[in-house]
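One-letter residues, chain by chain:
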Amino acid sequence: MKTVNGREKKNYDRQLFRISRAFEALEKLDKRLAEHDERVKETIENRSQETIERQNKFHKEKAEMQKRINELNEELPKCKDYLYSALLEASKEKGVKFALDLHKDELKIFREASNEFCKIAPNFLSRFINYNDELFAELSKENKDFVFVAPKGSLLKLDTKVFDSLDVVELENLLKLYEKYDLTKTEKFAKNYKKCFPSLIEDLTDIEDFKYAVSRFPNYYNKMNKSIREQITKFAPELKALINKTPNVIKYMPSEDIEIVAFSYNKFIGKQIFRYPEILKKLDSNFFQKYKPKYVFDGINKYEAYEQLKDYFNKFPDLNKYFESCASFNKQLSEAIKEDSGLKV
């Protein structure tokens, strides 16, 4: 028979002790459960008539409430679909105010039923569903004027595409609504909607939000705050990506930002100058000494470039010298002169 050494005996004894303690804990638990069942049984048997009636009333009310929740959850979507079609059709005919007046009684009933559902439905349902709010959020996608009469809850359910249809004045009026309802301080507003308002661009701290905002309002480029400026002007690829996404933003960039891009991407900036020659007004007169036209206008038709830029030769004499010495330009110019002469004959 194998002998048990001292260490093995200690481990064996420890395991026995743990098993023993586990059995003791189970026995105590069984005892407590049995005592609990006995108390429940005793409580049920000793209930007063008043207690019985109160409990029966509670169960009855609970059943009635569940029935009402089921009814509302079935009927409200149907009402929402009806009102959506009716209001949209009426608004196309005579405007939003007319539509709301025409269906004011139905809207009142629908709004009260929606509020009732939010009040009595379980939290996992009412927390995410307010049919009245959803109605106006959906209407706003089809007709922007509904956004200005939407209830408070709708303003945090709007699709950001709604904002694309609003001009600057309308956006400022909408912002006043968010402020009126004290929604501008909410996390959801900061995450989803702050970037949609041009007057808030200078408050944006997320670079992706800033890019989104400037893609909609390129003329607000210089409203960026110090934090964004440090991020976006640190790397030429960031600026290049921004120009690629919103080409005309370059018209609003200061000369130093344009030069950041030009330093790394001569040819790219040449295409932008060709597209928007007016940006030359803000560039220093020595720009084409630092960035040679040979590389800046590589791949661009020289004759077309000449026609686009000739009004700026007084400011940039290096440009004039470049075209005078450019063989491909002179060849195109000669052909153009011959063709023009031929037309006059």
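This text gives an overview of the structure that appears in the document. (Residues numbered from 1 in each chain as written. Predicted model: local features only at pLDDT ≥ 70, side-chain atom pairs only at ≥ 80, totals over all residues. Heavy atoms only, no water.)

### Thoughts on the pattern of salt bridges
Summed over the entire model, instances satisfying the criterion amount to 13 salt bridges. Residues E75 and K78 are paired through a salt bridge, measuring 3.9 Å at the closest nitrogen-oxygen approach. Of this pair, E75 and K78 both sit in helix α2 (residues 49–94), three residues apart, roughly one helical turn. Put simply, E208 and K211 hold a salt bridge, and the shortest N to O gap is 3.5 Å. In this pair, E208 and K211 both sit in helix α10 (residues 207–216), three residues apart, roughly one turn of the helix. For E208, a relative accessible area of 48% corresponds to the partly exposed category. Residues joined by salt bridges that share partners form a network here, namely E74, E75 and K78. (Salt bridge = Lys/Arg side-chain N within 4 Å of Asp/Glu carboxyl O. Helix = DSSP H or I, 4+ residues; strand = E, 2+ residues; numbered from the N terminus. Buried < 20%, exposed > 50% of the residue type's maximum accessible area, 1.4 Å probe, protein only.)

### Description of the environment of S154
By secondary structure assignment, the location of S154 is in the loop between α6 (131–142) and α7 (161–164). Expressed as a C-alpha distance, the spacing of S154 and D133, which sit 21 residues apart in the sequence, is 4.5 Å.

### Details of the packing of helix α17 (residues 302–309) against helix α18 (residues 317–325)
Closest axis-to-axis distance for the α17/α18 pair is 11 Å, and the angle between their directions is 150°. Taken together, the axes of α17 and α18 lie roughly antiparallel to each other. By crossing handedness, the relation of α17 to α18 is classed as left-handed. Contacts between α17 and α18 pair K302, A305, Y306 and L309 from the former with L319, Y322 and F323 from the latter. By residue class, the composition of the contact of α17 with α18 is six nonpolar, no polar and one charged. (Axes fitted to C-alpha atoms, helices over the stretch in contact; angles between N-to-C directions. Parallel < 35°, antiparallel > 145°, perpendicular 65-115°, else oblique. Left-handed = near helix turned anticlockwise from the far one by under 90°. Contact = heavy atoms within 4.5 Å. Nonpolar A, V, L, I, M, F, W, Y, C, P; charged D, E, K, R; others polar.)

So far we have only geometry, and geometry alone does not tell us how the molecule works.
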